[in-house]
Amino acid sequence: MIKDITLGQYYPADSAIHRLDPRAKLILFIEFIVATFIVDSLWMFIPLYVFVVFTLLMARIPLVFMLRSLKPVRWILIFMFVINLFLISTGDILVSFWSVTITTGGVRQACFVMLRLIVLVSGTSMLTFTTTPIALTDAIESLLSPLKLIGISPHVFAMIMTIALRFIPTLLDEADKIIKAQTSRGAQLDTGSIIQRIKAMVPILVPLIVGAFKRANELAMAMESRCYHGGEGRTKLRRLRFGWNDLLAEAVMVVLIAGIAVSQGVWL
């Protein structure tokens, strides 16, 4: 069900990962993406998965909660796996049936793409699980502060991204309520052809979109009634400060990236 989707949710816990500076976690997330994209071997995904599991244990987040974050992309994973499996024709032939040919290169590329997507989704989930929307806003605004030199307000970008993340669980919960309401009225959402299923989604999407615009209007009115005029002149209740734990986490990530790069001859 939609209520099982954990995308964009924060998991409260008292752990060393939660206590890291949000700017450090954002930088770590960017470095993690770099490490993911410099990997060109299936075996080199092992250190990345070990890092994800280790971080998961340190953050005291249940494994089931992390697995739920993969639920929204499960069909994308299957689609990418099948596309690469049948379209890549390099290597030795494993199966040949009519016009369908499966090769060792296709199997390798399909597994490679699927593992990379899983790692990326897991890294994104770890960021949102361990960082509150407010802390994430402050971190983005702080890291984008050099944009002020060219007349761009970093507070606007930070606020847009944070509001988007904040309303993902709200919209998912509202969609789940609409689906249950339509199902109780006899709507058939899981039966019929693809065209019929698409048509059945119209009674769900229309009230969901209308509700989203209504929430956006109410949020705008609430911000205006509180005299919100952007980040100009605003102060912070909690000031961000880098600590030794943040430097240690950065050092671990640098060692991980350097190890992957050297083992694959990226810098040789």
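Structure first, text after, so check above.
Residues numbered from 1 in each chain as written. Predicted model: local features only at pLDDT ≥ 70, side-chain atom pairs only at ≥ 80, totals over all residues. Heavy atoms only, no water.

(A) Region of interest: the packing of aromatic side chains. Following the criterion strictly, the structure yields two aromatic pairs and no others. Geometrically, the ring pair formed by phenylalanine 45 and phenylalanine 112 is edge-to-face, given 5.2 Å between the ring centres and 65° between the ring planes. Residue phenylalanine 45 is located in helix 2 (residues 45–58), and its partner phenylalanine 112 is located in helix 5 (residues 104–130); the two are separated by 67 residues in the primary sequence. Assessed through its relative accessible area of 7%, phenylalanine 112 is described here as buried. (Phe/Tyr/Trp six-rings, centres within 6.5 Å; stacked < 30°, edge-to-face > 60°. Helix = DSSP H or I, 4+ residues; strand = E, 2+ residues; numbered from the N terminus. Buried < 20%, exposed > 50% of the residue type's maximum accessible area, 1.4 Å probe, protein only.)

(B) Structural detail: helix 7 (residues 154–184). If you check helix 7, its first and last C-alpha atoms are 46 Å apart, about what 31 residues at 1.5 Å a residue would give, namely 45 Å. Within helix 7, the axis deviates most sharply at phenylalanine 167, by approximately 30°, and proline proline 169 lies no more than four positions further along. Every buried residue of helix 7 is listed here: Pro154, His155, Ala158, Thr162, Thr170, Leu172, Glu174, Ala175, Asp176, Ile178 and Ile179. At its buried positions, helix 7 is contacted by helix 6 (133–143) and helix 9 (202–225). (Expected span 1.5 Å × (residues − 1). Bend = angle between axes of the 7 residues up to and from the residue. Contact = heavy atoms within 4.5 Å.)

(C) Examining the pairing of strand 2 (residues 100–103) more closely. Where strand 1 (residues 93–97) lies against strand 2, four bridges are found, and the strand directions are antiparallel. Note that in strand 2 the partner of valine 95 across the bridge is isoleucine 102. Counting the residues that bridge the hairpin from strand 1 to strand 2 gives two residues, and of these tryptophan 98 lies at a positive phi of roughly 55°. (Pairing = 2+ DSSP bridges.)

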